[in-house]
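For reference, the chains in residue letters:
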Amino acid sequence: MNLEPEGTGSEASAPVADGSAEESGGGADVGGTLVGATLDAIKAAAARVEVERHLAETLQRNLLPRLPEIPGLRFAARYRPGGAETEVGGDWYDAIVLRSGRLGIVIGDVVGRGVEAAARMAHLQSAVRVYALEDLRPAVVLERMNGFVLEGERGGMVTLIYAIVDPDANTMRMATAGHPPPLIFRPNEEPTFAETTAASPLGVTRFPVYEESVMILEPESTALFYTDGLVEGPGLPLGEGLDDLRRASEGNPLEPDALCHAILGSVDARAGSRDDQALLAVQLKPAGETLDLTLSPQPDSLTSMRHAVAHWLRAADASEDEVYEMLVACGEACANAVAHAHPATSDAPFELHARRRDAEIAITVSDTGRWRASGQERSGRGLALMRELMDDVDIGRGPDGTTVTIRRRLRGPAAREESP
Amino acid sequence: MTALELRDGLSRRLTNVGPGLILDLSEATYLDSAGIEFLFDLARRLRTSGQRLCLVVPARAPMRRVLDLCDIDEIASMDVTVDAAVEGLHEHAP
């Protein structure tokens, strides 16, 4: 974010100005050596600016997170440092995996530029993560963050949106602290800005009021979060910039990666040098016929497996009882893949493929280890459970690993209504 | 909370005083064979001090069928509410 008058944002620009002042102040006495020295000073200062810029950019890029994989959601994000006369730093996005398969989305913007802003952004990013992982509501996260900015750190104001996307319920709940609203793309509709309640940025007032809004996101809809580098620029007021963005977004693809690409392309066409830009697009995936997961053989991955499979089964119209029973069966198959991962290759992933043909669900779990001896009570009970809960269990043991396929026919909504 | 965490938490609190232990599973979202193994183990330990294990499982919880399939009734009683479980424990108390 660049809200300050030129020159105050960075210490590194000072030597350049000093150098040129000295040169003009030298008057008639300008000799070859002095000019040479001044040129060297300018070159050195320019190099320092370049070093700081490079440092800030490296810091910034490394602080931005890798996007997680969440069943039912598709993401893309971009970060682009500002043009030559502006500097890098202070814009960030984050995507945080919450409980029950939900996702927290953060987009924020720190006043200031350069290494300082990038470092400050890192503090703020961690703080939001901590509050988000406490499962706090968006408005509460913003209140806590306001306190954090006021009490815990020095520096100017910060704008921030925190949103929680629930791919099972198709909803997005969000609150904003002075940050422009996300642009929502729905299939066969023109893009519109999400309705949010205006509220002050973080670090401005001691008792801010943050209101939450909840919106439905239909399958295949995409929400685009961005920083003001995208809608504000020299000679472009925020209001016009927002209109510009919306107009330029009409007819854009909904797929996040293609959308980010198209948006940045249209920004380039509209204006030249700008503040830095961060954007993050998240799309609710349409319910697919198949589900393919690659999982690490760690107990943690069983939790994400359960969310993914439950989400997929619900989309395949399974009842809650059916979802639960198939999850248990599936969990037994995966628990064995995790339990007997070979110590030497313990990071070798295992795979889960689920498909639906008419009313029949088939789930295959394959790993590179051997099924544990059935004499062990745990796996004996697990196997028995799988056989009871599914119509068919097939275990294929080969030299390269074990493949467990479990099948079950869904009763379907009609059959469910008949039987109470 | 996982079965492992529950086991660690419980082992420090279990005493041999009282008619038994009531485990409320109403809020539990998932129970697999590891969890069931834990319940069997817990019931065995309680039995050595003459205590009983009561599980609280709501009537319509999907978990009920899984518990039934594992013959949980051999080692524990199942009630729909905590109140019913408390009553049950006291009725059977020696």
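Procedures and definitions
Residues numbered from 1 in each chain as written. Chains lettered and ligands numbered in written order. Predicted model: local features only at pLDDT ≥ 70, side-chain atom pairs only at ≥ 80, totals over all residues. Heavy atoms only, no water. Helix = DSSP H or I, 4+ residues; strand = E, 2+ residues; numbered from the N terminus. Buried < 20%, exposed > 50% of the residue type's maximum accessible area, 1.4 Å probe, protein only. Contact = heavy atoms within 4.5 Å. Areas by Shrake-Rupley, 256 points an atom, 1.4 Å probe, with all protein chains shown as cover. Pairing = 2+ DSSP bridges. Axes fitted to C-alpha atoms, helices over the stretch in contact; angles between N-to-C directions. Left-handed = near helix turned anticlockwise from the far one by under 90°. Nonpolar A, V, L, I, M, F, W, Y, C, P; charged D, E, K, R; others polar. Polar contact = N/O pair within 3.5 Å; in protein donor to acceptor, adjacent residues only side chain to side chain. Buried area = accessible area lost by both parts, 1.4 Å probe. Salt bridge = Lys/Arg side-chain N within 4 Å of Asp/Glu carboxyl O. Phe/Tyr/Trp six-rings, centres within 6.5 Å; stacked < 30°, edge-to-face > 60°.

### A short note on the overall build of chain B
Within chain B one finds four helices and three strands. Mapped in sequence order, the helices and strands of chain B form the string α-β-α-β-α-β-α. By residue count, 39% of the 94 residues in chain B fall in the buried class. Within chain B, residue pairs in contact and separated by at least 24 positions form 68% of the contacts whose partners lie at least 6 positions apart. Roughly 5,600 Å² of accessible area belongs to chain B as shown, and the carbon and sulfur atoms make up 51% of that amount.

### Here's the deal with the sheet that holds strand β3 (residues 76–79) of chain B
All names here are of chain B. In space, the three strands of this open sheet follow the order β1-β2-β3, with parallel pairing throughout. The outermost strands of the open sheet, each flanked by one partner alone, are β1 (20–24) and β3. Across the sheet, the axes of successive neighbouring strands diverge by a mean angle of 25°, strand direction being ignored. Judged from the four bridges that link them, strand β2 (residues 52–56) and β3 form a sheet pairing that is parallel. For Val56, the partnering residue across the bridge sits in β3 and is Asp79.

### Describing the sheet that holds strand β12 (residues 350–357) of chain A
Hydrogen bonds along the backbone pair up the strands of a sheet, which may run parallel or antiparallel. All names here are of chain A. Pairing in this open sheet of five strands is antiparallel, and the strands run β11-β12-β13-β15-β14 from one edge to the other. Since the sheet does not close on itself, it has two edges, and those belong to β11 (290–295) and β14 (392–398), each with one partner. Each strand of the sheet is rotated relative to its neighbour by a mean of 10°, with strand direction disregarded. On the sheet, helix α7 (residues 299–315) packs against β11, β12 and β13 (360–366) and is oriented at approximately 175° with respect to β11. Along the sheet face, helix α8 (residues 320–339) touches β12, β13 and β15 (401–409) and points at about 175° away from the line of β15.

### Concerning the packing of α7(A) against α8(A)
Residue and element names in this part refer to chain A. Relative orientation of the contacting elements α7 and α8 amounts to 150°, with a least axis distance of 10 Å. Note that α7 runs across α8; the crossing there is right-handed. Listed contacts from α8 to Pro299, Leu302, Met305, Arg306, Val309, Ala310, Leu313 and Arg314 of α7 are Glu320, Val323, Met326, Leu327, Cys330, Gly331, Cys334, Ala335 and Val338. Partitioning the contact of α7 with α8 into residue classes produces 13 nonpolar, one polar and three charged.

### Points about the environment of A:Asp94
Residues and elements named next belong to chain A. Looking at where Asp94 falls in the secondary structure, it is placed in strand β2 (residues 91–97). Given the relative accessible area of 1%, Asp94 is considered buried. Residues Asp94 and Arg66, 28 residues apart in the sequence, show an inter-C-alpha distance of 8.4 Å. Once you skip the residues sitting within four places of it in the chain, Asp94 turns out to touch Pro65, Gly104, Ile105, Val106, Gln125, Arg129 and Leu280. Polar side-chain contacts of Asp94 include one of 2.8 Å to the side chain of Arg129.

### Points about the interface of chain B and chain A
Between chain B and chain A, the residue contacts involve 16 residues of the former and 17 residues of the latter. Between chain B and chain A, a total of about 1,500 Å² is buried, with carbon and sulfur atoms accounting for 57% of that surface. Counting every contact that joins chain B to chain A gives two salt bridges. Where A:Glu325 meets B:Arg65, a salt bridge forms, and the shortest distance between an N and an O atom there is 2.4 Å.

### Topic: the packing of aromatic side chains
For the coordinates displayed, the defined rule picks out one aromatic pair over all chains. Ring geometry for A:Tyr324 and B:Tyr30: centres 6.3 Å apart, planes at 65°, overall edge-to-face. With A:Tyr324 in helix α8 and B:Tyr30 in the loop between β1 and α2 (33–48), this pair bridges two chains. Judged on exposure class, the residue A:Tyr324 and its partner B:Tyr30 are both buried.

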